[in-house]
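Coordinates in review
Spelled out, the chains give:
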Amino acid sequence: MPCGGFRLHECGTVTLQCAVAKSTRPHTVENEEDTRLKAITSRLGLFALVGALLLSTTIGCERKPGAGASATDTGDIVIGMYGSLTGDGASFGQSSKEGTELAVEEINAAGGLLGGRKFKLLVEDDQSKPDEASNAVTKLITQDKVVAVLGEVASRRSLAAAPVCQKYKIPMITPSSTNEKVTEVGDFIFRVCFIDPFQGEVLAKFAFNDLKAKKVAILKDIQQDYSVGLTDSITRNFTALGGTVLDPVSYSSGDSDFKAILTQIRAQSPDAIFVTGYYPEAAIICRQARELGITVPILGGDGWVGDALKNGREALNNTYISNHYSSDNPDPVVQNFVKAYKAK
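Keep in mind it's a predicted model, so treat the numbers as computed, not measured. (Residues numbered from 1 in each chain as written. Predicted model: local features only at pLDDT ≥ 70, side-chain atom pairs only at ≥ 80, totals over all residues. Heavy atoms only, no water.)

**Quick word on the overall build of the protein**
Formally: For the purposes of this entry, the term helix denotes a DSSP run of H or I that reaches at least four residues, the term strand denotes a run of E that reaches at least two, and both are numbered from the N terminus. Every residue pair with non-hydrogen atoms within 4.5 Å of one another is taken to be in contact. Accessible surface is estimated by sampling points in the Shrake-Rupley manner with a 1.4 Å probe; for residues, cover comes only from the protein chains shown.
Along the protein, the regular secondary structure elements total nine helices and 16 strands. The long-range share in the protein, meaning contacts at least 24 apart out of those at least 6 apart in sequence, stands at 70%. Only carbon and sulfur atoms are counted for the fraction: they give 52% of the accessible area of the protein, which is about 14,400 Å².

**Comments concerning the nonpolar core**
How we decide: We define the nonpolar core as a collection of buried residues of types Ala, Val, Leu, Ile, Met, Phe, Trp, Tyr and Cys that are connected through side-chain atoms lying within 4.5 Å of one another. Think of it in three bands: with a 1.4 Å probe and only protein chains considered, a residue is buried below 20% of the maximum accessible area for its type, exposed above 50%, and partly exposed in between.
L219, I273 and V275 are the most contacted members of the largest nonpolar core, which totals 23 residues. Contributions of two or more residues to this core are made by β11 (215–221), β13 (249–251), α7 (259–267), β14 (272–275) and α8 (279–291). No other element matches the five residues that α8 contributes to this core. Among all residues touching V275, those that are not within four sequence positions of it are L219, Y251, A282, I285, I298, L299, G300, G301 and W304.

**Structural notes on helix α2 (residues 90–109)**
The line we're drawing: Expected span, for any helix, means 1.5 Å times one less than how many residues it has.
Over its 20 residues, α2 extends 28 Å from the first C-alpha to the last, a length consistent with the 28 Å expected when each residue adds 1.5 Å. Looking one or two residues past α2, G111 carries a phi angle of roughly 110 degrees, positive in sign.

**Things to note about the packing of aromatic side chains**
To keep things clear, this is the line we draw: Aromatic pairs are defined between Phe, Tyr and Trp rings, using the six-membered ring for Trp, whenever the two ring centres lie within 6.5 Å; interplanar angles under 30 degrees are classed as stacked, those over 60 as edge-to-face, and all others as tilted. A positively charged side chain is recorded as over a ring if its NZ (Lys) or CZ (Arg) lies within 6 Å of the ring centre. The angle to the ring normal must also be within 35 degrees.
The full count for this structure, using the stated rule, is eight aromatic pairs. Grouping aromatic residues by their ring pairs yields a cluster made of F92, Y226, Y278 and Y279. Sitting over the face of the ring of F208, K214 holds its NZ or CZ atom 3.7 Å from the ring centroid.

**A few points about the sheet that holds strand β8 (residues 149–150)**
Going by this rule: Strands are treated as partners if at least two bridges between them are detected by DSSP. Only C-alpha atoms enter the line fits that serve as axes; for helices the fit covers just the stretch in contact. Angles between N-to-C directions range over 0 to 180 degrees.
The strand order across the open sheet formed by five strands is β7-β6-β8-β9-β10, and the pairing between neighbours is parallel. Edge strands, defined here as strands with exactly one partner in the open sheet, are β7 (119–125) and β10 (189–191). Relative to the sheet, α2 contacts β6 (77–83), β7 and β8, its axis offset from that of β7 by approximately 170 degrees.

**A closer look at helix α6 (residues 225–240)**
Every α-helix carries 3.6 residues per turn, so stepping three or four residues along brings you back to the same face. The terminal C-alpha atoms of α6 lie 23 Å apart, and with 16 residues this matches the ideal 22 Å at 1.5 Å per residue to within 8%. Looking at α6, one finds that the buried residues are Y226, S227, L230, T231, S233, I234, N237 and F238. Buried-residue contacts for α6 involve α4 (155–168), α5 (196–210), β11, β12 (244–245) and β14. Count one or two residues on from α6 and you reach G242, which has phi positive near 105 degrees.

**Some remarks on the pattern of salt bridges**
Short version of the rule: For salt bridges, the criterion is a side-chain nitrogen of Lys or Arg within 4 Å of an Asp or Glu carboxyl oxygen.
In total, this model carries seven salt bridges according to the counting rule given. Its salt-bridge partner being K97, residue E101 comes within 2.7 Å of it at the nearest N-O pair. A residue pair is termed a helical-turn pair when its members lie 3 or 4 positions apart in one helix, as E101 and K97 do in helix α2 at four residues. What makes K97 partly exposed here is its relative accessible area of 24%. In this structure, K139 engages D144 in a salt bridge whose closest nitrogen and oxygen atoms are separated by 3.0 Å.

**Details of the environment of G83**
With respect to the helices and strands, the residue G83 is situated in strand β6. Distance from G83 to K97, taken between C-alpha atoms, is 7.6 Å for residues 14 residues apart in sequence. Filtering out sequence-adjacent residues up to four positions away, G83 remains in contact with G93, E124, D125, D126, Q127 and E152.

**Concerning the pairing of β11**
In terms of burial, β11 is largely enclosed, as six of its seven residues are buried. As defined by bridge partners, β11 adjoins β12 across two bridges and the pair is classed as parallel. Note that in β12 the partner of V216 across the bridge is V245. Where β11 lies against β14, four bridges are found, and the strand directions are parallel. Across the sheet, V216 pairs through a bridge with A272, a residue of β14.

**Comments concerning the packing of α5 against α6**
Test applied: The scheme is simple: roughly parallel for angles under 35 degrees, roughly antiparallel for over 145, roughly perpendicular for 65 to 115, oblique for anything else. For any pair of crossing helices, the crossing counts as left-handed if the nearer helix is rotated counterclockwise from the farther one by less than a right angle, and right-handed if it is rotated clockwise.
Between α5 and α6, the least distance of the axes is 8 Å, while the angle of their chain directions is 50 degrees. Here α5 lies oblique to α6, going by the angle between them. Here α5 runs over α6; the crossing is right-handed. On α6, the residues touching D196, P197, Q199, G200, E201, L203, A204, A207 and F208 of α5 are Y226, G229, L230, S233, I234, R236, N237 and F238.

**Structural notes on the environment of D225**
One can find D225 in helix α6. With relative accessibility at 31%, the residue D225 sits in the partly exposed group. Along the primary structure D225 and R157 are separated by 68 residues, whereas in three dimensions their C-alpha atoms are 9.2 Å apart. Look past the residues within four positions of D225 in its chain and what remains in contact with it is R156, L159 and N179.

**A short note on the confidence of the model for the protein**
Parts of the prediction with low pLDDT should not have their coordinates interpreted in detail. Defined as follows: Each residue gets a pLDDT score, which is the predictor's confidence in that residue and runs from 0 to 100.
This prediction gives the protein a mean pLDDT of 81; 77% of its residues lie at or above 70. Note on residues 1–72: pLDDT under 50 across the span, and 163 contacts to partners over four residues away in sequence or across chains.

Here's what the structure looks like:
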């Protein structure tokens, strides 16, 4: 059913919201800001608040005297965040940091938690690298003595850091790591987003039922667990609907020339193309596809939300993404956040 330019898709017996947005209108400065807001709210707006609720119920588990904060401490509640502040995923990390800081400011301004205790946020840059994600979380836990960890956005980096949090029994909450394996690491690992089996099902149904696509091509980033998992889900669900999925074409993070594989795909005449990787490569793929005269719909997941899509937006006509929320949603929670972020 339509909802402000978005569609709500029903999965099983539970109706879940998974926005599938179509990029067809000219893109203005306001629309660019909307993309920025999507990255912030979907990845950390709700996430930071859920983290606060989790902390309010687990704060009694703060480490004993001599190991960090005392269980009877009345000082700041020290939490850590790790993210890709630099590197190829910097848009994710920067927006996550901004969203988290805004949430912390609002919670502290409202009186904090547990009788007035305030959050103290410590942030570490993982440089968009899995090994640095593990190092960042190790530092936050063993040196900074945080009681909870927020992050990461990318599934690959969450999978690298989650075992550390599980080892030390420190809760970790990811805002948007949709690969289902992330929370399977252990009982101290949480998420506040949908997972790829659901996202892939929604995208497959949308392509098959709404776009009437019967044969699709998929480009997947073999270096990213997110892309591999989403590809598997789309393939499984689209095939189950009766559609045909061409053999997925692989690329790697950092690639910049996709014309050869796009030419190969064009020769197979798919009705639609899925690009299951992140925004840096997705932006280039869309632009090069249009340059080659490929006009069929191109679809992607929530990993498309990033600053790279601001450039060459004419190539985004007839493209669709699934995302965790829409900034056009009239819900007061969403609109209050949008207003607060713009004011900041």
